[in-house]
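Each chain is listed here by its residues.
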Amino acid sequence: MLKAVTWCAKCLFLYFLVVVAAIRFSWIVTNPAWALATRMHWTQLTRVAFVLSYFLPLFAAAGFLLGLIPFGKLGKALGDLFRSFFPSASTKLAPDPEPDIAPPILWAWLPVTLAFLTRFVTWQSRNSTVLDPHRSLGRIERFFGPIYAQTSGLLDDKWITDRFLFTGPMLFLMACAIAALIRYRLTTPRKPQAQTGTDGTSL
């Protein structure tokens, strides 16, 4: 039970880190992209308008790239390097914890996705009614569309908050999980299959 609670806490902690990164450090991704797009004459948007329009795909791409980095193996390599330089101190270190059933990075998208779906379903436009046929399309534009595709009925005081708390982190963690799963499949050695004889017994 404790192991399951710890695993869930790891997933929530990863979501919290991604939210902090989206709010405080997203400029590391968006500013170079805006500068490149401006220099190549791909866009004439201001920096703020560019960030609000392309934050979601850029943040998702950053999550995919981070998912390809084997942080676990890098941490283990640094730990082995530390033990080689300080063998006396390595004996005082705690033993390596038991590995999780599934890496939390593969499932960290689930809590924020549930929160996003709740917000996605319960959101209502100020200009729409329950029988409005364009309500679903407007909801998709509101949560995923660029700033120039928004109308007065879609923009509200929580538009930016929803992007940085729900949609952006959800896409980031989904892309990161997909990249990590691809990396695991490509780098994890397959177990050799036991050869069987003609009588069905293992050789």
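Parameters and conventions
- Residue positions within a chain follow its written sequence, with the count starting from 1.
- Two thresholds apply to this predicted model, a pLDDT of at least 70 for residue-level local features and 80 or more for giving and counting side-chain atom pairs, whereas whole-chain, interface and lining totals are computed over all residues.
- Calculation of side-chain values draws on the structure's entire complement of heavy atoms; hydrogens and water are dropped beforehand.
- Only rings of Phe, Tyr and Trp enter the pairing, Trp through its six-membered ring, and a pair is recorded when the two centres are within 6.5 Å. The plane angle decides the type: under 30 degrees is stacked, over 60 is edge-to-face, the rest tilted.
- A helix here means a DSSP run of H or I that spans at least four residues, while a strand means a run of E at least two residues long, and both kinds are numbered starting from the N terminus.
- For every residue, the accessible area obtained with a 1.4 Å probe (protein chains only) is divided by the maximum for its type, and the residue is called buried under 20%, exposed over 50%, and partly exposed between those limits.
- Look at NZ for Lys and CZ for Arg. If either is within 6 Å of the ring centre and within 35 degrees of the ring normal, a charge sits over the ring.
- Whether two residues are in contact is decided by their heavy atoms: any pair within 4.5 Å suffices.
- Identification of polar contacts relies on pairs of N or O atoms within 3.5 Å, with a donor-acceptor requirement for protein atoms, meaning one able to donate a hydrogen and the other able to accept it, and with residues adjacent in sequence counted only if both atoms are side-chain atoms.

Caption draft 1: Region of interest: the packing of aromatic side chains. A full pass over the atoms with the stated rule returns ten aromatic pairs. Their ring planes at 55° and their centres at 5.3 Å tell us that phenylalanine 120 and phenylalanine 143 sit as a pair that is tilted. Of this pair, phenylalanine 120 sits in helix H6 (residues 109-122) while phenylalanine 143 is found in helix H7 (residues 135-144), placing the two residues 23 residues apart along the sequence. The same class applies to phenylalanine 120 as to phenylalanine 143, namely buried. These aromatic residues form a ring-pair network of at least three members: Phe116, Phe120, Trp123, Phe143 and Phe144. When the ring centre of phenylalanine 120 is taken as reference, the NZ or CZ atom of arginine 139 above it lies at 5.5 Å. The lysine or arginine in question, arginine 142, covers the ring of phenylalanine 143, its NZ or CZ lying 4.8 Å from the ring centre.

Caption draft 2: A look at the environment of tryptophan 34. Mapped onto the elements, tryptophan 34 comes out in helix H2 (residues 27-39). As a C-alpha pair, tryptophan 34 and valine 51 span 17 residues in sequence and 7.7 Å in three-dimensional space. The contacts of tryptophan 34, once residues within four sequence positions are left out, are Leu45, Thr46, Arg47 and Phe50. In this structure the side chain of tryptophan 34 is engaged in a polar contact, spanning 3.1 Å, whose partner is the backbone oxygen of leucine 45.

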